[in-house]
Amino acid sequence: MAAPTQQPDVLPKASRAGWRWSLAQWLEERWWKRYLRSRDPEAYMVWKRNYWLKLLADQWSVLGLDDPQFILDAGCGPAGINMALDGHRVVAIDPLLDRYRSGLSHFNQLQVEGVEYRCTGLENFEYGERFDGICCLNVINHVDDLNAALDSLWVNLKPRGWLLLGIDAHKSGLLKALFRAVPGDALHPHQHSAAEYRAMLESRGWLIEDERVYQPGRIFDYVLFRARKSN
């Protein structure tokens, strides 16, 4: 059963993105088409796999990734972290997979044999079998219904299972308020700080084991949370 979803006062009331989500999905598909157009698929796959392995390097041992696990790549895009999870049973989901499959010439070459891909959003996803771990990287601020997506992460994970959550988090309260008022960052329908995301996790019962700025930026820091589901 999911933990209670009552939110602390620090969080905004709105949880659904509405039209912002539709715009962000269109822009996301367009961005990938332009980005991959001039790239060699094999070279890009090697580069992206190494990128994911570097991100996992400091987490590998504490997450027990030397032993086979059942892992969800939530919001995998055309080149998700499933690329770097050899030896594990992996399910990868994304609401744009069918559009990538039909509209991205590189798509099939970037898919990993043995990974189960499903075209679905995170909000209503339930596999029926709970996962040992979930990777949700640069995804949660792209969803339509933020509360439902966060609840889904909890529901789909085994007790004491782990979550690796990577998010573009606002550094400035002023810019955060501005970007909420106007779509200055149209790719991300949800605009929050690291403290707000931390509160969202803790209010659901997550035990945050590690929080770090993985990639600092001018407006956003890319923040990586490692959390554990409480019993």
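Position numbers for residues count from 1 along each chain, tracking the sequence in the order it is written. At least 70 in pLDDT is required for a residue's local features to be given in this predicted model, at least 80 for side-chain atom pairs to be given and counted, and no such filter applies to totals for whole chains, interfaces and linings, which use all residues. The side-chain values count all of the structure's non-hydrogen atoms but skip hydrogen atoms and water molecules.

Colleague: When you look at the pairing of strand E5 (residues 157–170) in this model, what are you seeing that I'm missing?
Modeller: Moving residue by residue along a regular strand, the side chains alternate between the two faces of the sheet. Among the 14 residues of E5, 11 are classified as buried, and the element is accordingly described as predominantly covered. By convention, orient the strands away from the viewer: a clockwise path from the first strand over the helix to the second makes the crossover right-handed. Secondary structure is summarised from DSSP: a helix means a run of H or I of at least four residues, a strand means a run of E of at least two, and numbering begins at the N terminus for each. For the handedness criterion, the β-α-β arrangement of strand E4 (residues 131–137), helix H4 (residues 146–155) and E5 is classed as right-handed. Pairing between strands is defined by DSSP: at least two bridges between the two strands are required. Strand direction decides the pairing type here: E5 and strand E7 (residues 220–229), joined by 9 bridges, are antiparallel. Each residue of the ladder has a partner; that of Asp168, found in E7, is Tyr222. Three labels apply to residues, based on accessible area from a 1.4 Å probe with only protein chains included: buried if under 20% of the type maximum, exposed if over 50%, partly exposed otherwise in between.

Colleague: Help me out: how do you make sense of the sheet that holds strand E3 (residues 116–118) in this one?
Modeller: Backbone hydrogen bonds hold the strands of a sheet together, and the pairing may be parallel or antiparallel. Taken in spatial order, the 7 strands make up an open sheet running E3-E2-E1-E4-E5-E7-E6, and their pairing is mixed. Looking at the sheet topology across the chains shown, the edges are occupied by E3 and strand E6 (206–215). Within the sheet, the average angular offset between the axes of one strand and its neighbour, ignoring direction, is 15°. Across 3 bridges, strand E1 (residues 70–74) lies against E4 in parallel orientation. Bridging from a neighbouring strand, Ile71 pairs with Gly133 of E4. Orientation is described by lines fitted to C-alpha atoms, with helices fitted over the stretch in contact, and by angles between N-to-C directions that extend from 0 to 180 degrees.

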